[in-house]
Amino acid sequence: MNKSYKTALFITVGITLVLISGIIFPSDENETSNLISATNKDQPIMTVSVINAVAEPYSKDITLRGYTASKRTVSLKSQIKGRITELPIEKGARVFFGDTICRVDVEDRQANYDESIALVNQRELEYEASIKLFSQGHRSETNHSAAKATLDAAVARSTRTKIELDNTEIKAPFDGIINDRLIEVGDYMKIGEVCAVIMEENPFLIVADISEKLISQTKIGAKAHAVLQGGRRLEGKISYISSIADVNTRTFRIELEVPNPNYDIRDGITAELFLQGDETQAQKISPATLVLNDKGLVGVRVVDVKNQVQFKEAEILGNHENGIWITGVPSHYKIITKGHEFVAAGEFVKIVLEINPAP
């Protein structure tokens with residue numbers, strides 16, 4: 001046999017013997033590798049801390065941007081014409097119901113009223129005499145009715161002159177503050193001209209606009225609160241919700257009525273209005289428990305009944321003193337609170353159950 005053929009034959013036989021020996025007599029390295037693989041399938045890789053996914057009732061606050069506003073602001077207008085003779089109240093002063101704000105010249109109005117009273121007295125005497133004559137048959141029914149009509153006319157004239165006399169004093173219709181005064185002593189006022197502007201200070205309003213999506217989550221009489229720009233918190237109740245939407249914004253005006261006993265809330269201050277939204281079921285967790293998956297979704301890693309790790313997307317509803325409120329985790333899962341950085345979905349783990357965080 002040619003020498004080169006013999007050499008190739010020996011090499012082929014040697015390789016075959018090496019391969020056969022590896023199958024029949026496996027090496028210690030192969031045995032160790034197989035043992036580790038079997039162990040990995042039967043034993044947990046990591047120990048993690050978990051809490052039970054326990055949902056609780058939660059109401060998310062609805063936050064609206066608004067402003068303070070007086071409940072009533074009225075322009076005091078003259079109902080008669082005449083010259084202003086006195087302005088007893090200065091601009092910026094607080095007044096009470098019935099206080100005189102502006103005084104118009106009485107002129108002959110007092111005399112007209114006195115005359116009307118005298119006429120009423122005369123007509124009353126004439127009517128009393130008519131009653132007696134009519135009952136005795138000495139006066140016709142027509143004449144008796146005329147006496148009654150004359151008395152009624154005198155009373156009506158007296159009422160008109162009394163109203164005109166009273167209108168010489170423009171009075172405060174409620175307790176408030178004189179926010180502006182538009183005339184001075186000596187000015188001549190016409191009917192309908194503004195004497196002063198009065199603003200009611202207690203209670204006050206927080207006014208905001210609520211979207212059509214959220215309007216169903218509140219109602220008149222519901223408790224709410226507002227925070228002014230300086231941080232002051234005001235408690236109150238919803239007193240008004242508009243039934244007609246703004247044509248441009250499709251929002252509805254909403255008003256929170258708050259007490260202002262010290263008269264220290266000013267009109268037009270920026271405020272945030274906080275309403276209590278619909279109640280839902282949510283879970284309290286630490287924000288450190290949140291993770292991002294490969295798709296960039298926010299959620300938590302959980303352990304199922306087989307102690308296998310899964311990722312569950314979660315919606316953050318709001319904050320509480322010790323963490324955050326989330327929803328989206330079914331109650332049969334356990335949320336990983338420690339060790340979630342070192343495990344991935346699909347892995348099996350050993351769990352240590354913690355007590356759920358206090359509210």
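Check the entry above for the structure.
Residues numbered from 1 in each chain as written. Predicted model: local features only at pLDDT ≥ 70, side-chain atom pairs only at ≥ 80, totals over all residues. Heavy atoms only, no water.

Undergrad: Mind showing me how you'd approach the pattern of salt bridges here?
TA: Note that side chains of opposite charge can pair when their charged atoms are close. According to the stated counting rule, one finds 22 salt bridges in the structure shown. Arginine 94 is the partner of glutamate 201 in a salt bridge, and the nearest nitrogen-oxygen pair spans 2.7 Å. In this pair, glutamate 201 is assigned in the loop between β10 (194-199) and β11 (204-211) and arginine 94 in strand β5 (residues 94-95), connecting sequence segments 107 residues apart. Of the residues examined, glutamate 201 reaches a relative accessible area of 6% and is grouped as buried. For glutamate 126, the salt bridge is made with arginine 123, and the minimal N-O distance between the two is 3.4 Å. (Salt bridge = Lys/Arg side-chain N within 4 Å of Asp/Glu carboxyl O. Helix = DSSP H or I, 4+ residues; strand = E, 2+ residues; numbered from the N terminus. Buried < 20%, exposed > 50% of the residue type's maximum accessible area, 1.4 Å probe, protein only.)

Undergrad: Before we go on, may I ask you to explain the side chain of serine 130 in this structure?
TA: The residue serine 130 is located in helix α3 (residues 109-136) in this model. For serine 130, a relative accessible area of 2% corresponds to the buried category. Setting aside residues no more than four positions away along its own chain, serine 130 makes contact with Arg139, Asn143, His144 and Ala147. (Contact = heavy atoms within 4.5 Å.)

Undergrad: Please explain the nonpolar core as it appears in this structure.
TA: General note: in soluble globular proteins, nonpolar side chains tend to be found buried as a group. Counting residues in hydrophobic clusters, the biggest one holds 23 residues, and the most contacted among them are Leu64, Ile206, Ile254, Leu256, Leu273 and Leu275. Listed by contribution, the elements that provide at least two residues to this core are β2 (56-70), β11, β12 (223-228), β13 (233-241), β14 (251-258) and β15 (270-285). If we skip the residues at most four places from it in the chain, leucine 275 touches Lys60, Asp61, Ile62, Leu64, Ile210, Thr218, Ala224, Ile238 and Ile254. (Core = buried A, V, L, I, M, F, W, Y, C linked by side-chain atoms within 4.5 Å.)

Undergrad: Please explain the packing of α3 against helix α4 (residues 141-166) as it appears in this structure.
TA: The axes of two packed helices give the description: the angle between them and the distance between them. Packing of α3 against α4 leaves a shortest axis separation of 8 Å and a crossing angle of 160°. By the angle class used here, α3 and α4 are roughly antiparallel. Read as a crossing pair, α3 and α4 show a hand that is left-handed. A breakdown of the residues in the contact of α3 with α4 according to their chemical character gives 12 nonpolar, 9 polar and 9 charged. (Axes fitted to C-alpha atoms, helices over the stretch in contact; angles between N-to-C directions. Parallel < 35°, antiparallel > 145°, perpendicular 65-115°, else oblique. Left-handed = near helix turned anticlockwise from the far one by under 90°. Nonpolar A, V, L, I, M, F, W, Y, C, P; charged D, E, K, R; others polar.)

Undergrad: Any chance you could explain the environment of asparagine 112 here in plain terms?
TA: Examined against the element boundaries, asparagine 112 turns out to sit in helix α3. Take asparagine 112: its relative accessible area is 27%, and that puts it in the partly exposed class. For the pair asparagine 112 and arginine 157, spaced 45 residues apart in sequence, the C-alpha separation works out to 9.4 Å. Beyond its immediate sequence surroundings of up to four residues, asparagine 112 is in contact with Arg157 and Thr161.

Undergrad: Just checking my understanding: could you explain the pairing of strand β17 (residues 298-303) for this structure?
TA: Along any regular strand, the residues point their side chains to alternate faces of the sheet. Within β17, 5 of the 6 residues are buried, which leaves the element mostly enclosed by the surrounding structure. Counted along the chain from strand β16 (residues 291-292) to the antiparallel partner β17, the turn is 5 residues long, and its residue glycine 296 has a positive phi close to 80°. Pairing of β17 with strand β18 (residues 309-313) involves 5 bridges; the strand directions are antiparallel. Bridging from a neighbouring strand, valine 303 pairs with valine 309 of β18. Of the pairings in the sheet, the one linking β17 to strand β21 (residues 334-338) comprises 2 bridges and is antiparallel in character. Across the sheet, residue valine 303 finds its bridge partner in β21, namely lysine 334. (Pairing = 2+ DSSP bridges.)

Undergrad: What am I meant to see in the state of the cysteines here?
TA: Each disulfide consists of one covalent bond between the sulfur atoms belonging to two cysteines. Summed over all chains, the structure comprises 1 disulfide. Disulfide partner of cysteine 102: cysteine 195, at an S-S distance of 1.5 Å. Within this pair, whereas cysteine 102 is found in strand β6 (residues 100-104), its partner cysteine 195 is found in strand β10, the two being separated by 93 residues in sequence. For the pair cysteine 102 and cysteine 195, a shared accessibility class is recorded, and that class is buried. (Disulfide = S-S within 2.5 Å.)

Undergrad: How should the sheet that holds strand β4 (residues 82-86) be read in this particular structure?
TA: One key point about sheets: their strands pair by backbone hydrogen bonds, in either a parallel or an antiparallel sense. Read from one edge of the open sheet, 4 strands run β7-β6-β4-β9, paired in antiparallel fashion. The open sheet is flanked by β7 (169-171) and β9 (188-189), the only strands paired with a single partner. One ladder, built from 2 bridges, connects β4 with β6; its direction is antiparallel. Within β6, the position partnered with isoleucine 84 by the bridge is valine 104.

Undergrad: Teacher, can you tell me more about the packing of aromatic side chains here?
TA: Here a ring pair, both rings aromatic, is described through the centre-centre distance and the interplanar angle of the planes. Tallied over the full model, the rule gives 1 aromatic pair. Here tyrosine 58 and tryptophan 325 contribute two aromatic rings whose centre-to-centre distance is 4.5 Å and whose plane-to-plane angle is 25°, an arrangement assigned as stacked. On the criterion of sequence distance, the pair formed by tyrosine 58 in strand β2 and tryptophan 325 in strand β20 (residues 323-327) is long-range, its members being 267 residues apart. For the pair shown, tyrosine 58 and tryptophan 325 are each scored as buried. (Phe/Tyr/Trp six-rings, centres within 6.5 Å; stacked < 30°, edge-to-face > 60°.)

Undergrad: Just checking my understanding: could you explain α3 for this structure?
TA: Each α-helix winds once per 3.6 residues, and so residues spaced three or four apart point in a common direction. Between its first and last C-alpha atoms α3 spans 41 Å; for 28 residues at 1.5 Å apiece the expected length is 40 Å, and the two agree. Turning to α3, its buried residues number three or more, namely Arg109, Tyr113, Ser116, Val120, Arg123, Tyr127 and Ser130. In the segment just after α3, glycine 137 is the residue with positive phi, at about 85°. (Expected span 1.5 Å × (residues − 1).)

Undergrad: I tried to follow the side chain of threonine 218 on my own but got confused; where do I start?
TA: Within the secondary structure, threonine 218 is located in the loop between β11 and β12. On the basis of relative accessibility, which here comes to 13%, the residue threonine 218 falls in the buried class. Those residues in contact with threonine 218 that sit more than four places away from it in its chain are Ile210, Ile238, Ile241, Ile254 and Leu275.

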